[in-house]
Amino acid sequence: LQALELFRSVGDDAGAARALVVLGTAAEEKGDFHGARRYHQESLAAYEGLEDSGGVAVALGNLSNVALKQHVLGDAEALAKKSLDLYRQLGISEGVAASLINIGLAAMERGDVEEARAALRDCSTIASNLGHKELLTHSLIGLAAAASASTRFIEGARLVGAAQSLTDATGAQLPVIEKAVLDRTLAEIKANLSDEAFDEALAEGRTTDFRDILRAS
């Protein structure tokens, strides 16, 4: 807050916008979604005032994250699609991939498996080309959920294995939403496969190149 006040006191609107992003992200991590939404809405207004398209895209993506965590799926998807359009116009591939994750997860939550799968496959392609292992991991988790929802449990287990292998390689902790999706998907897959079939498919996913897993899915 002190940084925000300082930027505002000297008329540094860009600095104030960045401070609002930081405050919103911190509030989100603490589970204060009301506060996070307020800060991100303020950062959106600030970036719009600055005519900073990149900043607007970031703010929209942050608001989509909050809406997704609150299970306000229509808002989460609409905001992510606005962010996606801006990132595509700006040619920022990482932002495109991050937006596609939210679109895919929101579609999964409202039961549109095919839309989810299309968005998440696009994300996996972009993330793979970028070498962005965290975004790739998130897309694999979403694709595993889509496979499980379509009763393709062996495929789902392989995708989970591929995601786990990447997580082991990066050492990164999964965000709250992706962790919840992974846990729910694993439980569903295990409930529909024998222990032997599950272990075999999971091991195959962990030891096979993720590109081959994606091509087979």
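Not measured: the values here are computed from a predicted model.

Brief notes about the overall build of the protein
Helix and strand counts for the protein come out as twelve helices and zero strands. When the helices and strands of the protein are placed in sequence order, the string is α-α-α-α-α-α-α-α-α-α-α-α. For 217 residues, the compact-globule estimate of 2.2 N^0.38 gives 17 Å, and the protein sits close to it at 19 Å. Seen through its principal axes, the protein has C-alpha atoms that stretch 65 × 30 × 30 Å. Split into buried and exposed, the 217 residues of the protein put 46% on the buried side. Considering only contacts within the protein whose residues lie at least 6 apart along the sequence, 58% involve residues at least 24 apart.

Examining the pattern of salt bridges
Applying the stated criterion to the full structure yields 15 salt bridges. One salt bridge in this structure joins Glu 77 and Arg 110, with 2.8 Å as the shortest N-O distance. Of this pair, Glu 77 sits in helix 5 (residues 73-90) while Arg 110 sits in the loop between helix 6 (93-109) and helix 7 (113-130), and the two are 33 residues apart along the sequence. Take Glu 77: its relative accessible area is 6%, and that puts it in the buried class. Members of the salt-bridge network, linked through shared partners, are Glu 77, Lys 81, Arg 110, Asp 112 and Glu 115.

Notes on helix 4 (residues 53-69)
Taking 1.5 Å of rise per residue, the 17 residues of helix 4 would be expected to cover 24 Å, and the 25 Å separating its terminal C-alpha atoms lies within 8% of that figure. All buried positions along helix 4 are accounted for by Gly 55, Val 56, Ala 57, Ala 59, Leu 60, Gly 61, Asn 62, Leu 63, Ser 64, Val 66, Ala 67 and Leu 68. Residues of helix 4 that are buried make contact with helix 2 (13-29), helix 3 (33-50), helix 5, helix 6 and helix 10 (176-192). Downstream of helix 4 by a residue or two, His 71 has a phi angle that is positive, lying close to 65°.

Some words on the side chain of Ser 217
Of note, Ser 217 is situated in the segment after helix 12 (210-216). Not counting chain neighbours up to four residues away, the residues in contact with Ser 217 comprise Arg 117, Arg 121, Glu 155 and Leu 159.

Cut-offs applied
Residues numbered from 1 in each chain as written. Predicted model: local features only at pLDDT ≥ 70, side-chain atom pairs only at ≥ 80, totals over all residues. Heavy atoms only, no water. Helix = DSSP H or I, 4+ residues; strand = E, 2+ residues; numbered from the N terminus. Rg over C-alpha atoms; globule rule 2.2 N^0.38 Å. Buried < 20%, exposed > 50% of the residue type's maximum accessible area, 1.4 Å probe, protein only. Contact = heavy atoms within 4.5 Å. Salt bridge = Lys/Arg side-chain N within 4 Å of Asp/Glu carboxyl O. Expected span 1.5 Å × (residues − 1).

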